[in-house]
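Below are the chains, spelled out letter by letter.
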Amino acid sequence: MQYTEIMVRYGELSTKGKNRKDFINRLAGNVQKVLRDFPDLAIKTHHDRMHIILNGTPFEKVDERLKLVFGIQTYSPVIRTEKTLEEIEKTALELMQATYKEGMTFKVNTRRSDHKYEYDTNQLNQLVADYLYNHMTGLQAEMKRPDMVLRLEIRQDGAYISNQLLHGIGGMPVGTAGKAMMMLSGGIDSPVASYLAMKRGVDIEMVHFFSPPYTSEKALAKAMELTSILAKYCGKINFIQVPFAEIQETIKEKLPEGYLMTVQRRFMLRLADMIRAKRHGLAIFNGESVGQVASQTLESMAAINDVTATPVIRPVATMDKNEIIAKAEEIGTFDLSIQPFEDCCTIFAPPRPKTKPKIDKAREYEARLDVDGLLERALAGVKVTPIYPGQKFIDNIADEDAALL
Ligand code: ATP
Ligand code: MG
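Residues numbered from 1 in each chain as written. Chains lettered and ligands numbered in written order. Predicted model: local features only at pLDDT ≥ 70, side-chain atom pairs only at ≥ 80, totals over all residues. Heavy atoms only, no water.

In terms of domain boundaries, the protein breaks down into domain 1 (5-167) and domain 2 (179-404). Distance from the C-alpha centre of domain 1 to the C-alpha centre of domain 2: 43 Å. Counting from both sides, the interface comprises 8 residues of domain 1 and, opposite them, 10 residues of domain 2. Carbon and sulfur atoms supply 63% of the area that domain 1 and domain 2 bury against each other, a total of about 900 Å² over both sides. Across the domain 1-domain 2 interface, the total number found is 0 salt bridges. The interface formed by domain 1 and domain 2 holds 1 residue pair in polar contact (both at pLDDT 80 or more) in total. Residues of the side of domain 1 that touches domain 2, tallied by class, amount to 4 nonpolar, 1 polar and 3 charged. (Domains from an automatic or database assignment. Contact = heavy atoms within 4.5 Å. Buried area = accessible area lost by both parts, 1.4 Å probe. Salt bridge = Lys/Arg side-chain N within 4 Å of Asp/Glu carboxyl O. Polar contact = N/O pair within 3.5 Å; in protein donor to acceptor, adjacent residues only side chain to side chain. Nonpolar A, V, L, I, M, F, W, Y, C, P; charged D, E, K, R; others polar.)

Since one α-helical turn is 3.6 residues long, residues separated by three or four positions face the same way. Taken together, the buried positions of helix 2 (residues 59-66) are occupied by F59, V62, D63 and L66. Buried residues of helix 2, viewed axially, fall in a sector of 105°; they line one side. Seen from the open side of helix 2, the exposed residues pointing more than 90 degrees away from its buried face are E60 and E64. (Buried < 20%, exposed > 50% of the residue type's maximum accessible area, 1.4 Å probe, protein only. Helix = DSSP H or I, 4+ residues; strand = E, 2+ residues; numbered from the N terminus. Arc of directions from axis to C-beta.)

Mapped onto this numbering, the UniProt entry annotates "domain: THUMP" (unreviewed entry) at residues 60-165. The distance separating the terminal C-alpha atoms of residues 60-165 is 14 Å; by composition the span is 35% helix and 31% strand. (UniProt positions renumbered as here; feature names shortened; annotations may be inferred.)

Let's shift gears to the pairing of strand 12 (residues 237-243). In regular strands, side chains alternate between the two faces of the sheet. Most of strand 12 is tucked away, with 6 of its 7 residues classed as buried. Bridge count between strand 11 (residues 203-210) and strand 12: 5 bridges; the pairing is parallel. Across the sheet, V207 pairs through a bridge with I240, a residue of strand 12. Assessed by its sense of winding, the connection that carries the chain from strand 11 through helix 6 (residues 217-230) to strand 12 is right-handed. Inspection of the sheet shows strand 12 paired to strand 15 (residues 383-387) by 5 bridges, in the antiparallel sense. Across the sheet, I237 pairs through a bridge with I387, a residue of strand 15. (Pairing = 2+ DSSP bridges. Right-handed = clockwise from strand over helix to strand, strands pointing away.)

Attention now moves to the UniProt feature "binding site: ATP" (unreviewed entry) in the protein. Taking the UniProt record as the reference, the feature "binding site: ATP" (unreviewed entry) is found at M183, L184, H208, F209, R265, G287 and Q296. Tracing the sequence through the fold places L184 in the loop between strand 10 (179-183) and helix 5 (189-199). With relative accessibility at 2%, the residue L184 sits in the buried group. In contact with L184, not counting residues within four places along its chain, are S190, P191, S194, M206, V207, H208, A223, T227 and F239. In this structure Q296 comes out as buried when scored by relative accessible area, which is 9%. Discounting residues that sit within four places of it in the chain, Q296 has contacts with E288, S289, V290, G291 and M301. Within the structure, Q296 has its side chain in polar contact with the backbone nitrogen of S289 (distance 2.8 Å).

Time to look at the packing of helix 8 (residues 260-278) against helix 13 (residues 359-366). Helix-helix packing: each pair is described by the crossing angle between the helix axes and the interaxial distance. The N-to-C vectors of helix 8 and helix 13 enclose an angle of 80°; their axes lie 10 Å apart at closest approach. Relative to helix 13, the element helix 8 lies roughly perpendicular. Along the contact surface, helix 8 presents T262, V263, R266, F267 and R270, while helix 13 presents A362, R363 and E366. (Axes fitted to C-alpha atoms, helices over the stretch in contact; angles between N-to-C directions. Parallel < 35°, antiparallel > 145°, perpendicular 65-115°, else oblique.)

This brings us to helix 6. The terminal C-alpha atoms of helix 6 lie 20 Å apart, and with 14 residues this matches the ideal 20 Å at 1.5 Å per residue to within 8%. Taking burial as the measure, the 14 residues of helix 6 include 13 buried ones, the bulk of the element. Here helix 6 starts with a cap whose side-chain oxygen sits 3.1 Å from the backbone nitrogen of K218, and that cap is S216. (Expected span 1.5 Å × (residues − 1).)

Neighbouring residues of ligand 1: 20 residues in total, closest M183, S185, D189, S190 and Q292. One of the side-chain N or O atoms of S185 is found 2.4 Å from an oxygen atom in ligand 1. Coverage of ligand 1 by the protein chains reaches 91% of its 570 Å² of free accessible surface. For the shell around ligand 1, the secondary-structure elements that each account for two or more residues are helix 5, strand 11, helix 8 and helix 12 (344-347). Considering every element that reaches the shell around ligand 1, the biggest residue donor is strand 11, with 3 residues. Residues that form the shell around ligand 1 fall into these classes: 8 nonpolar, 9 polar and 3 charged. (Near = heavy atom within 4 Å. Areas by Shrake-Rupley, 256 points an atom, 1.4 Å probe, with all protein chains shown as cover.)

The following block contains the structure:
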(Lines give C-alpha, C1' and ligand atoms only; values in the text may rest on other atoms or scores of the structure.)
(Ligands and ions follow the chains in the order given, each with its own letter.)
Protein backbone atom coordinates (compact mmCIF):
# COMPACT_ATOMS: atom_id res chain seq x y z
CA MET A 1 0.00 0.00 0.00
CA GLN A 2 1.39 3.40 -0.92
CA TYR A 3 -0.06 6.84 -0.41
CA THR A 4 -0.26 8.85 -3.61
CA GLU A 5 -0.71 12.36 -2.17
CA ILE A 6 -1.11 14.47 0.94
CA MET A 7 -4.07 16.74 1.47
CA VAL A 8 -3.21 19.80 3.56
CA ARG A 9 -5.83 21.93 5.32
CA TYR A 10 -4.96 25.51 6.14
CA GLY A 11 -4.65 26.92 9.67
CA GLU A 12 -5.89 30.25 10.95
CA LEU A 13 -7.60 31.13 7.75
CA SER A 14 -10.10 33.67 8.95
CA THR A 15 -9.02 36.15 6.33
CA LYS A 16 -10.65 36.66 2.97
CA GLY A 17 -9.83 38.04 -0.45
CA LYS A 18 -6.30 39.21 -1.07
CA ASN A 19 -5.02 38.14 2.35
CA ARG A 20 -6.31 34.66 1.81
CA LYS A 21 -4.47 34.46 -1.47
CA ASP A 22 -1.30 35.69 0.21
CA PHE A 23 -1.70 33.10 2.98
CA ILE A 24 -2.07 30.27 0.47
CA ASN A 25 0.79 31.39 -1.75
CA ARG A 26 3.17 31.90 1.18
CA LEU A 27 2.33 28.52 2.61
CA ALA A 28 2.84 26.81 -0.73
CA GLY A 29 6.17 28.60 -1.18
CA ASN A 30 7.31 27.62 2.33
CA VAL A 31 6.24 24.01 1.85
CA GLN A 32 8.11 23.96 -1.45
CA LYS A 33 11.28 25.22 0.25
CA VAL A 34 11.03 22.77 3.14
CA LEU A 35 10.67 19.91 0.65
CA ARG A 36 13.09 21.22 -1.93
CA ASP A 37 15.28 18.11 -1.89
CA PHE A 38 12.39 15.84 -2.97
CA PRO A 39 12.35 16.53 -6.71
CA ASP A 40 9.43 14.24 -7.58
CA LEU A 41 6.82 16.06 -5.52
CA ALA A 42 4.23 18.32 -7.15
CA ILE A 43 2.34 20.93 -5.12
CA LYS A 44 -1.10 22.18 -6.14
CA THR A 45 -3.02 24.83 -4.24
CA HIS A 46 -6.77 25.34 -4.03
CA HIS A 47 -8.78 27.90 -2.10
CA ASP A 48 -9.52 25.54 0.78
CA ARG A 49 -6.60 23.11 0.71
CA MET A 50 -3.33 22.09 -0.86
CA HIS A 51 -2.39 18.80 -2.47
CA ILE A 52 1.12 17.42 -2.45
CA ILE A 53 1.37 14.72 -5.10
CA LEU A 54 3.98 12.23 -3.92
CA ASN A 55 4.93 10.58 -7.24
CA GLY A 56 6.58 7.71 -5.39
CA THR A 57 8.20 9.72 -2.55
CA PRO A 58 7.55 7.95 0.80
CA PHE A 59 4.88 9.70 2.86
CA GLU A 60 6.85 9.29 6.12
CA LYS A 61 9.75 11.39 4.84
CA VAL A 62 7.49 14.22 3.77
CA ASP A 63 5.46 13.91 6.98
CA GLU A 64 8.55 14.59 9.13
CA ARG A 65 9.02 17.96 7.44
CA LEU A 66 5.40 18.93 7.01
CA LYS A 67 4.48 18.64 10.65
CA LEU A 68 6.75 21.61 11.45
CA VAL A 69 5.55 24.10 8.85
CA PHE A 70 3.59 27.05 10.25
CA GLY A 71 0.15 27.58 8.73
CA ILE A 72 -0.88 23.92 8.45
CA GLN A 73 -3.85 22.97 10.60
CA THR A 74 -4.38 19.32 9.65
CA TYR A 75 -3.31 17.02 6.83
CA SER A 76 -4.00 13.53 5.61
CA PRO A 77 -2.13 11.02 3.51
CA VAL A 78 -4.41 9.88 0.71
CA ILE A 79 -4.59 7.16 -1.90
CA ARG A 80 -6.08 8.04 -5.27
CA THR A 81 -7.76 5.26 -7.24
CA GLU A 82 -10.00 4.78 -10.24
CA LYS A 83 -13.62 5.63 -9.56
CA THR A 84 -14.96 2.09 -9.95
CA LEU A 85 -16.60 0.53 -6.91
CA GLU A 86 -14.28 -2.44 -7.24
CA GLU A 87 -11.10 -0.31 -7.04
CA ILE A 88 -12.49 1.77 -4.20
CA GLU A 89 -13.35 -1.32 -2.17
CA LYS A 90 -10.01 -2.95 -2.84
CA THR A 91 -8.05 0.15 -1.84
CA ALA A 92 -10.18 0.76 1.26
CA LEU A 93 -9.49 -2.80 2.37
CA GLU A 94 -5.73 -2.48 1.85
CA LEU A 95 -5.66 0.75 3.80
CA MET A 96 -7.70 -0.71 6.65
CA GLN A 97 -5.60 -3.85 6.80
CA ALA A 98 -2.44 -1.78 7.02
CA THR A 99 -3.64 0.60 9.72
CA TYR A 100 -6.64 -0.78 11.63
CA LYS A 101 -5.75 -2.12 15.08
CA GLU A 102 -7.84 -4.60 16.99
CA GLY A 103 -10.41 -3.06 19.29
CA MET A 104 -10.73 0.20 17.34
CA THR A 105 -14.09 1.49 16.17
CA PHE A 106 -14.52 2.93 12.70
CA LYS A 107 -16.91 4.42 10.19
CA VAL A 108 -16.92 5.24 6.51
CA ASN A 109 -17.57 8.84 5.58
CA THR A 110 -18.14 9.71 1.91
CA ARG A 111 -18.23 13.10 0.15
CA ARG A 112 -18.93 13.67 -3.50
CA SER A 113 -18.06 16.61 -5.65
CA ASP A 114 -18.94 14.51 -8.69
CA HIS A 115 -22.71 14.56 -8.27
CA LYS A 116 -23.31 12.45 -11.35
CA TYR A 117 -21.53 9.50 -9.80
CA GLU A 118 -23.64 6.34 -9.87
CA TYR A 119 -23.81 5.91 -6.07
CA ASP A 120 -24.74 8.60 -3.59
CA THR A 121 -22.87 9.10 -0.31
CA ASN A 122 -25.14 6.91 1.82
CA GLN A 123 -24.94 4.08 -0.64
CA LEU A 124 -21.17 4.31 -0.80
CA ASN A 125 -20.83 4.37 2.99
CA GLN A 126 -22.91 1.23 3.17
CA LEU A 127 -21.28 -0.61 0.27
CA VAL A 128 -17.73 0.01 1.41
CA ALA A 129 -18.48 -0.77 5.08
CA ASP A 130 -20.18 -4.06 4.04
CA TYR A 131 -17.20 -4.98 1.91
CA LEU A 132 -14.82 -4.37 4.80
CA TYR A 133 -16.97 -6.43 7.19
CA ASN A 134 -16.92 -9.29 4.73
CA HIS A 135 -13.15 -9.26 4.37
CA MET A 136 -11.90 -8.47 7.85
CA THR A 137 -12.69 -9.88 11.27
CA GLY A 138 -13.30 -8.00 14.48
CA LEU A 139 -14.37 -4.70 12.89
CA GLN A 140 -16.62 -2.51 15.00
CA ALA A 141 -18.61 0.33 13.55
CA GLU A 142 -19.38 3.42 15.60
CA MET A 143 -21.12 6.44 14.12
CA LYS A 144 -20.65 9.09 16.82
CA ARG A 145 -17.04 8.96 17.95
CA PRO A 146 -15.16 6.33 15.98
CA ASP A 147 -11.43 5.87 16.54
CA MET A 148 -10.89 5.84 12.82
CA VAL A 149 -12.75 7.52 9.99
CA LEU A 150 -12.25 6.09 6.54
CA ARG A 151 -12.75 9.16 4.37
CA LEU A 152 -13.81 8.64 0.81
CA GLU A 153 -14.06 11.47 -1.68
CA ILE A 154 -15.45 11.12 -5.17
CA ARG A 155 -14.08 13.86 -7.41
CA GLN A 156 -14.12 14.34 -11.15
CA ASP A 157 -10.67 12.90 -11.63
CA GLY A 158 -10.84 9.92 -9.29
CA ALA A 159 -11.63 8.57 -5.85
CA TYR A 160 -9.54 9.67 -2.86
CA ILE A 161 -9.31 7.50 0.23
CA SER A 162 -7.74 8.35 3.56
CA ASN A 163 -8.00 7.23 7.17
CA GLN A 164 -5.64 9.48 9.10
CA LEU A 165 -6.11 13.03 10.21
CA LEU A 166 -2.79 14.44 11.40
CA HIS A 167 -2.32 17.69 13.26
CA GLY A 168 0.03 20.32 11.89
CA ILE A 169 1.74 22.92 14.04
CA GLY A 170 -0.81 25.70 13.31
CA GLY A 171 0.18 29.35 13.37
CA MET A 172 0.48 31.57 10.31
CA PRO A 173 2.63 30.91 7.24
CA VAL A 174 5.94 32.71 7.65
CA GLY A 175 5.90 35.86 5.52
CA THR A 176 2.22 36.73 5.91
CA ALA A 177 2.98 39.18 8.73
CA GLY A 178 5.82 40.96 6.90
CA LYS A 179 9.53 41.06 7.46
CA ALA A 180 11.54 41.84 10.62
CA MET A 181 15.08 41.56 11.92
CA MET A 182 15.68 39.03 14.70
CA MET A 183 18.67 39.63 16.96
CA LEU A 184 20.03 36.12 17.32
CA SER A 185 22.77 35.26 19.80
CA GLY A 186 23.97 31.75 20.50
CA GLY A 187 21.96 31.58 23.73
CA ILE A 188 18.75 29.87 24.77
CA ASP A 189 16.33 32.78 24.60
CA SER A 190 16.67 34.32 21.16
CA PRO A 191 16.04 31.04 19.26
CA VAL A 192 12.80 30.64 21.25
CA ALA A 193 11.87 34.26 20.48
CA SER A 194 12.59 33.50 16.80
CA TYR A 195 10.25 30.53 16.84
CA LEU A 196 7.47 32.57 18.43
CA ALA A 197 7.90 35.40 15.90
CA MET A 198 7.73 32.95 13.00
CA LYS A 199 4.65 31.31 14.45
CA ARG A 200 2.81 34.61 14.00
CA GLY A 201 3.85 34.71 10.37
CA VAL A 202 6.83 37.06 10.68
CA ASP A 203 9.54 36.54 8.08
CA ILE A 204 12.62 36.97 10.25
CA GLU A 205 16.15 37.60 9.11
CA MET A 206 18.78 36.79 11.71
CA VAL A 207 21.15 39.58 12.71
CA HIS A 208 24.13 38.13 14.56
CA PHE A 209 27.03 40.10 16.01
CA PHE A 210 30.37 38.36 16.22
CA SER A 211 33.78 39.52 17.32
CA PRO A 212 36.73 37.76 15.77
CA PRO A 213 39.37 37.19 17.03
CA TYR A 214 37.75 37.31 20.49
CA THR A 215 35.06 34.86 19.47
CA SER A 216 35.78 31.65 17.61
CA GLU A 217 34.60 30.51 14.22
CA LYS A 218 32.59 27.93 16.16
CA ALA A 219 30.53 30.59 17.91
CA LEU A 220 29.51 31.99 14.53
CA ALA A 221 28.86 28.49 13.21
CA LYS A 222 26.68 27.80 16.25
CA ALA A 223 24.42 30.77 15.48
CA MET A 224 24.20 29.62 11.87
CA GLU A 225 23.34 26.08 12.91
CA LEU A 226 20.65 27.36 15.29
CA THR A 227 19.26 29.21 12.28
CA SER A 228 19.19 26.01 10.24
CA ILE A 229 17.17 24.30 13.00
CA LEU A 230 14.70 27.20 12.98
CA ALA A 231 14.53 27.11 9.16
CA LYS A 232 12.61 23.84 9.49
CA TYR A 233 9.55 25.89 10.41
CA CYS A 234 9.54 27.98 7.25
CA GLY A 235 12.01 26.64 4.66
CA LYS A 236 14.74 29.28 4.60
CA ILE A 237 16.11 32.06 6.79
CA ASN A 238 18.64 34.71 5.81
CA PHE A 239 21.52 34.99 8.26
CA ILE A 240 23.20 38.37 8.52
CA GLN A 241 26.53 38.45 10.33
CA VAL A 242 27.87 41.77 11.59
CA PRO A 243 31.46 42.26 12.78
CA PHE A 244 31.42 43.83 16.22
CA ALA A 245 34.99 43.67 17.55
CA GLU A 246 36.04 47.22 16.72
CA ILE A 247 32.98 48.65 18.47
CA GLN A 248 33.57 46.52 21.54
CA GLU A 249 37.26 47.34 21.73
CA THR A 250 36.58 51.05 21.38
CA ILE A 251 33.86 51.08 24.01
CA LYS A 252 35.99 49.11 26.41
CA GLU A 253 38.89 51.49 25.95
CA LYS A 254 36.97 54.76 26.19
CA LEU A 255 33.93 54.31 28.46
CA PRO A 256 33.42 53.65 32.17
CA GLU A 257 32.85 50.01 32.94
CA GLY A 258 29.32 50.48 34.30
CA TYR A 259 28.11 51.59 30.86
CA LEU A 260 29.90 49.05 28.68
CA MET A 261 26.89 46.81 28.43
CA THR A 262 24.33 49.53 27.80
CA VAL A 263 26.38 51.24 25.13
CA GLN A 264 27.26 47.96 23.41
CA ARG A 265 23.57 47.13 23.26
CA ARG A 266 22.74 50.55 21.89
CA PHE A 267 25.21 49.95 19.09
CA MET A 268 23.73 46.53 18.37
CA LEU A 269 20.24 47.95 18.19
CA ARG A 270 21.34 50.81 15.94
CA LEU A 271 23.03 48.40 13.57
CA ALA A 272 20.05 46.03 13.56
CA ASP A 273 17.85 49.01 12.75
CA MET A 274 20.06 50.24 9.91
CA ILE A 275 20.09 46.77 8.40
CA ARG A 276 16.32 46.59 8.84
CA ALA A 277 15.83 49.84 6.96
CA LYS A 278 18.04 48.69 4.08
CA ARG A 279 16.23 45.39 3.82
CA HIS A 280 12.74 46.84 4.19
CA GLY A 281 11.90 45.20 7.49
CA LEU A 282 9.18 46.62 9.76
CA ALA A 283 10.32 45.70 13.25
CA ILE A 284 13.11 44.23 15.37
CA PHE A 285 12.73 41.17 17.58
CA ASN A 286 15.02 40.04 20.38
CA GLY A 287 15.23 37.46 23.14
CA GLU A 288 15.14 39.74 26.18
CA SER A 289 13.22 38.62 29.23
CA VAL A 290 12.35 41.17 31.90
CA GLY A 291 14.66 41.04 34.88
CA GLN A 292 16.61 38.01 33.73
CA VAL A 293 20.02 39.73 33.87
CA ALA A 294 21.42 43.22 34.46
CA SER A 295 20.99 44.30 30.85
CA GLN A 296 17.33 43.28 30.90
CA THR A 297 15.84 45.43 33.65
CA LEU A 298 13.16 47.83 32.44
CA GLU A 299 15.58 50.74 33.05
CA SER A 300 18.14 49.01 30.92
CA MET A 301 15.69 48.25 28.14
CA ALA A 302 14.60 51.88 28.12
CA ALA A 303 18.22 53.10 27.94
CA ILE A 304 18.96 50.72 25.06
CA ASN A 305 15.70 51.28 23.21
CA ASP A 306 16.42 55.04 23.23
CA VAL A 307 18.32 54.75 19.92
CA THR A 308 15.31 53.91 17.76
CA ALA A 309 11.59 54.45 17.32
CA THR A 310 11.24 51.19 15.40
CA PRO A 311 9.06 48.65 17.24
CA VAL A 312 11.26 46.30 19.26
CA ILE A 313 9.28 43.16 20.02
CA ARG A 314 10.30 40.76 22.80
CA PRO A 315 8.34 37.51 22.49
CA VAL A 316 9.83 35.95 25.66
CA ALA A 317 9.68 39.15 27.75
CA THR A 318 7.36 37.69 30.38
CA MET A 319 8.39 34.05 30.32
CA ASP A 320 10.42 32.50 33.17
CA LYS A 321 13.71 30.88 32.32
CA ASN A 322 12.12 27.46 32.95
CA GLU A 323 9.36 28.09 30.48
CA ILE A 324 11.86 29.32 27.91
CA ILE A 325 14.02 26.24 28.42
CA ALA A 326 11.02 23.92 28.04
CA LYS A 327 10.14 25.64 24.77
CA ALA A 328 13.76 25.47 23.57
CA GLU A 329 13.72 21.72 24.19
CA GLU A 330 10.44 21.34 22.37
CA ILE A 331 11.62 23.19 19.28
CA GLY A 332 14.99 21.45 19.17
CA THR A 333 17.38 24.33 19.87
CA PHE A 334 18.25 23.71 23.54
CA ASP A 335 21.06 21.15 23.15
CA LEU A 336 22.88 23.37 20.71
CA SER A 337 22.25 26.56 22.70
CA ILE A 338 24.02 25.14 25.76
CA GLN A 339 27.17 24.22 23.82
CA PRO A 340 29.96 26.34 25.28
CA PHE A 341 31.07 28.54 22.38
CA GLU A 342 31.20 32.03 23.82
CA ASP A 343 29.54 34.80 21.86
CA CYS A 344 30.66 38.40 21.79
CA CYS A 345 28.59 39.55 24.75
CA THR A 346 29.96 37.08 27.19
CA ILE A 347 33.52 38.03 26.39
CA PHE A 348 33.14 41.78 26.81
CA ALA A 349 30.70 41.54 29.69
CA PRO A 350 31.79 43.82 32.53
CA PRO A 351 31.81 42.24 35.96
CA ARG A 352 29.38 44.83 37.35
CA PRO A 353 27.09 46.30 34.70
CA LYS A 354 24.68 48.99 35.89
CA THR A 355 21.24 47.54 36.49
CA LYS A 356 19.72 51.02 36.32
CA PRO A 357 21.60 52.88 33.59
CA LYS A 358 20.52 56.43 32.82
CA ILE A 359 19.61 57.42 29.28
CA ASP A 360 21.36 60.80 29.62
CA LYS A 361 24.56 59.20 30.82
CA ALA A 362 24.55 56.67 27.99
CA ARG A 363 24.13 59.49 25.46
CA GLU A 364 26.80 61.60 27.09
CA TYR A 365 29.39 58.81 27.14
CA GLU A 366 28.61 57.85 23.59
CA ALA A 367 29.30 61.38 22.43
CA ARG A 368 32.98 60.66 23.14
CA LEU A 369 33.01 58.10 20.32
CA ASP A 370 32.97 58.35 16.55
CA VAL A 371 29.55 56.68 16.45
CA ASP A 372 28.92 57.15 12.72
CA GLY A 373 32.34 55.88 11.70
CA LEU A 374 32.03 52.80 13.90
CA LEU A 375 28.58 52.02 12.51
CA GLU A 376 29.70 52.55 8.93
CA ARG A 377 32.68 50.23 9.24
CA ALA A 378 30.61 47.50 10.91
CA LEU A 379 28.01 47.76 8.14
CA ALA A 380 30.72 47.49 5.51
CA GLY A 381 31.63 44.07 6.93
CA VAL A 382 28.09 42.63 6.84
CA LYS A 383 27.63 39.30 5.11
CA VAL A 384 24.28 37.66 4.24
CA THR A 385 23.90 33.87 3.90
CA PRO A 386 20.66 32.04 3.08
CA ILE A 387 20.29 29.08 5.44
CA TYR A 388 18.16 26.00 4.79
CA PRO A 389 16.72 23.37 7.17
CA GLY A 390 19.19 20.89 8.61
CA GLN A 391 22.37 22.48 7.24
CA LYS A 392 25.39 21.74 9.43
CA PHE A 393 28.02 24.36 10.25
CA ILE A 394 29.84 23.49 13.46
CA ASP A 395 31.33 20.19 12.35
CA ASN A 396 32.90 21.86 9.33
CA ILE A 397 35.17 24.01 11.46
CA ALA A 398 38.67 22.77 12.20
CA ASP A 399 39.68 22.34 15.83
CA GLU A 400 42.50 24.94 15.66
CA ASP A 401 39.80 27.57 15.26
CA ALA A 402 37.87 26.21 18.18
CA ALA A 403 41.02 26.35 20.29
CA LEU A 404 40.90 30.15 20.09
CA LEU A 405 38.47 30.04 22.97
P1 ATP B 1 20.04 34.71 24.65
O2 ATP B 1 19.84 33.42 25.33
O3 ATP B 1 19.10 34.96 23.54
O4 ATP B 1 21.48 34.96 24.31
P5 ATP B 1 20.39 36.05 27.08
O6 ATP B 1 19.46 35.80 28.19
O7 ATP B 1 21.73 35.41 27.09
O8 ATP B 1 19.65 35.78 25.71
P9 ATP B 1 21.66 38.54 26.54
O10 ATP B 1 22.91 37.83 26.23
O11 ATP B 1 21.67 39.65 27.52
O12 ATP B 1 20.53 37.61 27.04
O13 ATP B 1 21.04 39.08 25.20
C14 ATP B 1 19.77 39.64 25.16
C15 ATP B 1 19.32 39.67 23.72
O16 ATP B 1 20.19 40.51 22.95
C17 ATP B 1 19.40 38.30 23.06
O18 ATP B 1 18.27 37.52 23.32
C19 ATP B 1 19.53 38.69 21.63
O20 ATP B 1 18.27 39.00 21.07
C21 ATP B 1 20.39 39.95 21.67
N22 ATP B 1 21.80 39.57 21.49
C23 ATP B 1 22.73 39.30 22.44
N24 ATP B 1 23.89 38.95 21.90
C25 ATP B 1 23.75 39.00 20.54
C26 ATP B 1 24.58 38.73 19.43
N27 ATP B 1 25.84 38.35 19.56
N28 ATP B 1 24.04 38.90 18.20
C29 ATP B 1 22.77 39.27 18.05
N30 ATP B 1 21.93 39.51 19.06
C31 ATP B 1 22.40 39.39 20.29
MG1 MG C 1 23.16 35.59 25.44
